[in-house]
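Spelled out from the first residue to the last, the chains are:
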Amino acid sequence: LGRPAPPWSTISAPAAETCRTALAQALISSPGGDSPTISAGDRRLEHLAGRLANTRTSADLYSTLDLMAGELHAHKIALSRWLPERRALQTLAESGDQMQDEFFSVEDYPATASVLEDQEATQVMVGDPDADTAEVKLLLAQGYRSLLMVPIVLGGESLGIVEATSEEERSWTRTEINRARIIANQLASVIQT
């Protein structure tokens, strides 16, 4: 804002006012509405977290799925609820075309069972020779080549999984994995309601 000078440099009044205004705006507001012009990564994530925190209906949830996909650079997002008594996942919502309720037994998908039991994220790529073959088969059948699964945990209990899929075979970045965990934390309250 100003040239280095001892003890403090002076700055122009317009530059100081711009900084004060920007800080005041950041403190009093969060990105709201359905504005597609939110471009900064943290502001987009803040907007998404706010939308998820205010989710009351299935329509509210569906309206956030594309935002999640954009945040994770995924082609599709799926949200599933864990039904421990049935050892199954129930698909609650997917981006794109909405499907009927689907149930998947975790006995058939060891990688999914591990995510729920260990409460750790995992990724599956179809070209990985060590990948869960059932997950790879399902990915290929659906036209995808990479999968990121993140557990949704509340109070130490697994409530479900958020899955991000990509048509490209690629590793998920640390930033995408961290953002997926933040999103999963917000989805705990959504699953409960």
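It should be emphasised that the depicted structure is a prediction, and the values quoted were computed from it without experimental measurement. Every residue gets a number counted from 1 within its own chain, in the order that chain's sequence is written. With the structure being a predicted model, the display of local features is reserved for residues of pLDDT at least 70 and the display and counting of side-chain atom pairs for 80 or more, all residues being used for whole-chain, interface and lining totals. Each side-chain value is derived from all of the structure's non-hydrogen atoms; neither hydrogens nor water enter the calculation.

1. Section: the confidence of the model for the chain
Caution is warranted with low-pLDDT regions, since their predicted coordinates should not be read in detail.
Thought 1: Taken residue by residue, the chain gives an average pLDDT of 85. The fraction at 70 or more is 89%.
Thought 2: Note that residues 34–39 has pLDDT below 50 and, in this model, 6 contacts with residues that lie over four places away or in other chains. As a per-residue quantity, pLDDT reports the predictor's confidence and falls between 0 and 100. In what follows, residue pairs with any heavy atoms lying within 4.5 Å of each other are defined as contacts.

2. Quick notes on the sheet that holds strand β2 (residues 88–94)
Thought 1: Pairing between two strands requires that DSSP report at least two bridges joining them. Runs of E in the DSSP output that reach at least two residues are strands. Runs of H or I that reach at least four are helices, and both are numbered from the N terminus. Taken in spatial order, the 6 strands make up an open sheet running β3-β2-β1-β6-β5-β4, and their pairing is antiparallel. Unpaired on one side and paired on the other, β3 (102–105) and β4 (122–125) mark the two borders of the sheet. Averaged over all pairs of adjacent strands, the angle between strand axes in this sheet comes to 25°, irrespective of strand direction.
Thought 2: The sheet contact formed by β4 and strand β5 (residues 146–154) spans 4 bridges and is antiparallel. Paired with V124 across the strands is L147, a residue of β5. Helix axes are fitted only over the stretch in contact, all axes being lines through C-alpha atoms; the angle between N-to-C directions runs from 0 to 180 degrees.

3. Observations regarding empty space enclosed by the protein
Thought 1: Any residue with an atom within 4 Å of a point lines the site, the site being either a cavity, points on a 1 Å grid over the protein atoms alone where a 1.4 Å probe fits but cannot get out, or a pocket, an open set with protein on both sides within 12 Å along at least 5 of 7 lines. Grid points are joined across faces, edges and corners, and a volume is the space filled by probe spheres set on the points. Summed over all chains, the structure comprises 1 cavity of 30 Å³ or more.
Thought 2: Roughly 300 Å³ of internal volume is contained in the largest cavity.
Thought 3: If you list the elements that add at least two residues to the lining of the largest cavity, you get β1 (76–83), β2, β3, α5 (133–142) and β6 (157–166).
Thought 4: Counted by class, the lining of the largest cavity contains 9 nonpolar, 6 polar and 5 charged residues. Gly counts as polar in this scheme, as do all residues outside two lists: the nonpolar Ala, Val, Leu, Ile, Met, Phe, Trp, Tyr, Cys and Pro, and the charged Asp, Glu, Lys and Arg.

4. Considerations on the environment of A164
Thought 1: Here A164 shows up in strand β6.
Thought 2: Judged by its relative accessible area of 2%, A164 is buried.
Thought 3: For the pair A164 and L148, spaced 16 residues apart in sequence, the C-alpha separation works out to 5.1 Å.
Thought 4: Ignoring sequence-local partners within four residues, the contact set of A164 consists of L72, A74, K76, I77, S146, L147, L148 and W172. Burial classification: accessible surface area is computed with a 1.4 Å probe over protein chains only, and a residue below 20% of its type maximum counts as buried, one above 50% as exposed, and the rest as partly exposed.

5. Concerning the packing of aromatic side chains
Thought 1: Between 30 and 60 degrees the pair is tilted, below 30 it is stacked and above 60 it is edge-to-face, where a pair is any two Phe, Tyr or Trp rings, Trp via its six-membered ring, whose centres lie within 6.5 Å. A complete count under the given rule lists 1 aromatic pair for this structure.
Thought 2: Taking the centre distance of 6.1 Å and the plane angle of 80° together, the rings of F104 and Y109 count as edge-to-face.
Thought 3: Residue classification places F104 among the partly exposed positions, given a relative accessible area of 24%.
Thought 4: Ring-over charges, as used throughout, are those where CZ of Arg or NZ of Lys falls within 6 Å of the ring centre and within 35 degrees of the ring normal. Across from the ring centre of F103, 4.4 Å away, lies the NZ or CZ of R86, which sits over that ring.
Thought 5: Lying across the ring of W172, R170 places its NZ or CZ 4.0 Å from the centre.

6. Regarding the nonpolar core
Thought 1: Put simply, a nonpolar core is a bunch of buried Ala, Val, Leu, Ile, Met, Phe, Trp, Tyr and Cys residues held in one set by side-chain atoms that sit within 4.5 Å of each other. Counting residues in hydrophobic clusters, the biggest one holds 28 residues, and the most contacted among them are M68, I77, L79, I152, I183 and L187.
Thought 2: Counting residues per element, this core draws most heavily on helix α6 (residues 174–192), which supplies 8 residues.
Thought 3: Those residues within four positions of I77 in sequence are excluded, and the remaining contacts are L65, M68, A69, L72, A93, E94, S95, V162, E163 and A164.
Thought 4: Listed in part, the 16 residues of the second largest apolar core include L89, A113, V136 and M149.

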